[in-house]
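Survey of secondary and tertiary structure
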Amino acid sequence: MKLPSATAPSLFDRAVIALHRNRVRDDALFLHRAAVDEVQDRLSMVNKSFKAPAVVTPFPHIWEGLWPEVRIIRDDEVLNLTPGAHDLVIHAMALHWANDPVGQLIQCHRALKPDGLMLTVCLGGDTLQELRAALGQAEIEVSGGLSPRVAPMAELRDLGGLLQRAGLALPVADKATLTAEYRDLTHLVHDLRAMGETNALTNRLKQPTRRAVFDKAQDIYATHFKTPHGHLTATFELICLTGWAPDDSQPKPLRPGSAQMRLAEALGTDEGKLPD
């Protein structure tokens, strides 16, 4: 199994990400706490106990104490994980900031024992769709062009495909959508800053944005995405990925043509012809 490439394109500026995270307020990390709930909900449906868990996270205090022997790992480009040491690896709310997301999943896979579980929660493509639309239209109208402002985030289908590329078995991808309300655009931006989720794109605009762009974005946002109470709505999509380190004990799909019974017999019905 290959390690992540050292020449992977740097979509994100990791130094800026670290700077943003140093300014985080704990009371703003509601998405990370929602991720904890999603993980615990999925683990409750797994008929297996885990004795050597590891969590990859930028905010250790969110996850410490959830399991007696949990090992907390920083979400560096090269993860400090020991190959074959864990029966559970959770990649928590950091994959959407990774320059090499497949490499992150491969490293998690390498850290799993056979039949170990990998569970990832990250932000998906519908996250901040309202902000993207409002800022994009505002910048076009005011400045006549677009600049990189909101990080691109993968869709559910694309992220599900990463599990297979990372060599994980029995892959499952699903999502949970959360909606928050804000007084205005300034309130939303301040909250994103307190979460450590503001723009860290390598090619981000380096000079201050004209005030007219934000004023126009506020008008567009309020026109199209206002609640009945006059607040602005913001969508956060949590995508949850699960996959297992391959093991002979896991169920295998049957070979095509190996069925011993027709579908109609199994359903207790008559088999008819399709209309022309």
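Keep in mind that this is a model prediction, so the values were computed, not measured.

The next point concerns the overall build of the chain. When its secondary structure is counted, the chain shows 8 helices and 6 strands. In sequence order, the secondary structure elements of the chain are arranged as α-α-β-β-β-α-β-α-α-β-α-α-β-α. Buried positions account for 46% of the 276 residues belonging to the chain. Restricting to contacts in the chain with at least 6 residues of sequence separation, those with at least 24 account for 81%.

Between its first and last C-alpha, helix α7 (residues 211-224) extends 20 Å over 14 residues, near the 20 Å set by a 1.5 Å rise per residue. What α7 keeps buried is the set Val213, Ala217, Ile220 and Tyr221. One face of α7 carries all of its buried residues, which in axial projection span an arc of 100°. Summarising the geometry of α7, the exposed residues directed more than 90 degrees from the buried face are Arg211 and Thr223.

Let us now look at unusual backbone geometry. Unusually for a residue other than glycine, Met93 sits at a positive phi of about 55°. Look at Met93 and you get buried, because its relative accessible area is 1%. The residue Asp115 is not glycine, and still its phi comes out positive at about 65°.

What follows is about the confidence of the model for the chain. Chain-level pLDDT for the chain is 89 on average; 88% of the residues reach the 70-or-more range. Overall, residues 1-5 carries pLDDT values under 50, and its contacts beyond four positions in sequence, including any with other chains, amount to 9 contacts.

This part takes up the pattern of salt bridges. Under the definition given, this model contains 13 salt bridges. In this structure, the salt-bridge partner of Glu237 is Lys175, at a minimum N-O distance of 3.4 Å. With Glu237 in strand β6 (residues 232-244) and Lys175 in strand β5 (residues 169-182), this residue pair connects regions lying 62 residues apart in the sequence. Given a relative accessible area of 44%, Lys175 falls into the partly exposed group.

With mixed pairing, the 6 strands of this open sheet are ordered in space as β2-β1-β3-β4-β6-β5. The open sheet has two edge strands with one neighbour each: β2 (71-73) and β5. In this sheet, adjacent strand axes meet at a mean angle of 15° when their direction is disregarded. Pairing between strand β3 (residues 86-92) and strand β4 (residues 112-123): 6 bridges, direction parallel. Note that in β4 the partner of Ile90 across the bridge is Leu119.

Before going further, it helps to spend a moment on the packing of aromatic side chains. The tally for this structure, following the rule as stated, stands at 4 aromatic pairs. Between Phe30 and Phe236, the ring centres sit 5.9 Å apart and the planes meet at 85°, which makes this aromatic pair edge-to-face. Pair noted here: Phe30 is in helix α2 (residues 30-43) and Phe236 is in strand β6, with a separation of 206 residues, a long-range link. Taking relative accessible area as the criterion, Phe30 reaches 31% and is therefore assigned partly exposed.

Our focus in this paragraph is the nonpolar core. Counting 46 residues, the largest nonpolar core has Trp63, Ile90, Leu188 and Phe236 as the members making the most contacts within it. Among the elements of the structure, α2, β3, β4, α4 (129-143), β5, α6 (185-195), α7 and β6 are those that each provide at least two residues to this core. When neighbours within four sequence positions are excluded, Ile90 is seen to be in contact with Val39, Ala54, Val55, Val56, Trp63, Trp67 and Leu119.

Attention now moves to helix α3 (residues 101-110). Most of α3 is tucked away, with 8 of its 10 residues classed as buried. Taken as a whole, α3 has its buried residues at Val102, Gly103, Gln104, Leu105, Ile106, Gln107, Cys108 and His109. Buried residues belonging to α3 abut β1 (53-56), β3, β4 and α5 (156-165).

All right, on to the side chain of His109 then. Mapped onto the elements, His109 comes out in helix α3. Here the side chain of His109 touches Ala166 through a polar contact of 2.7 Å, landing on its backbone oxygen.

Turning next to the packing of α3 against α5. In a packed pair of helices, the relevant descriptors are the angle between the two axes and the axis-to-axis distance. In contact at an axis separation of 9 Å, α3 and α5 are set at 45° when each is read in the N-to-C sense. Compared by their axis directions, α3 and α5 come out oblique. For the pair α3 and α5, the crossing hand works out as right-handed. Across the interface between the two elements, Pro101, Val102 and Leu105 of α3 pack against Leu162, Leu163 and Arg165 of α5. Among the residues making up the contact of α3 with α5, the classes are represented as 5 nonpolar, no polar and 1 charged.

Rules of the game
- Residues numbered from 1 in each chain as written.
- Predicted model: local features only at pLDDT ≥ 70, side-chain atom pairs only at ≥ 80, totals over all residues.
- Heavy atoms only, no water.
- Helix = DSSP H or I, 4+ residues; strand = E, 2+ residues; numbered from the N terminus.
- Buried < 20%, exposed > 50% of the residue type's maximum accessible area, 1.4 Å probe, protein only.
- Contact = heavy atoms within 4.5 Å.
- Expected span 1.5 Å × (residues − 1).
- Arc of directions from axis to C-beta.
- pLDDT = per-residue confidence, 0-100.
- Salt bridge = Lys/Arg side-chain N within 4 Å of Asp/Glu carboxyl O.
- Pairing = 2+ DSSP bridges.
- Axes fitted to C-alpha atoms, helices over the stretch in contact; angles between N-to-C directions.
- Phe/Tyr/Trp six-rings, centres within 6.5 Å; stacked < 30°, edge-to-face > 60°.
- Core = buried A, V, L, I, M, F, W, Y, C linked by side-chain atoms within 4.5 Å.
- Polar contact = N/O pair within 3.5 Å; in protein donor to acceptor, adjacent residues only side chain to side chain.
- Parallel < 35°, antiparallel > 145°, perpendicular 65-115°, else oblique.
- Left-handed = near helix turned anticlockwise from the far one by under 90°.
- Nonpolar A, V, L, I, M, F, W, Y, C, P; charged D, E, K, R; others polar.

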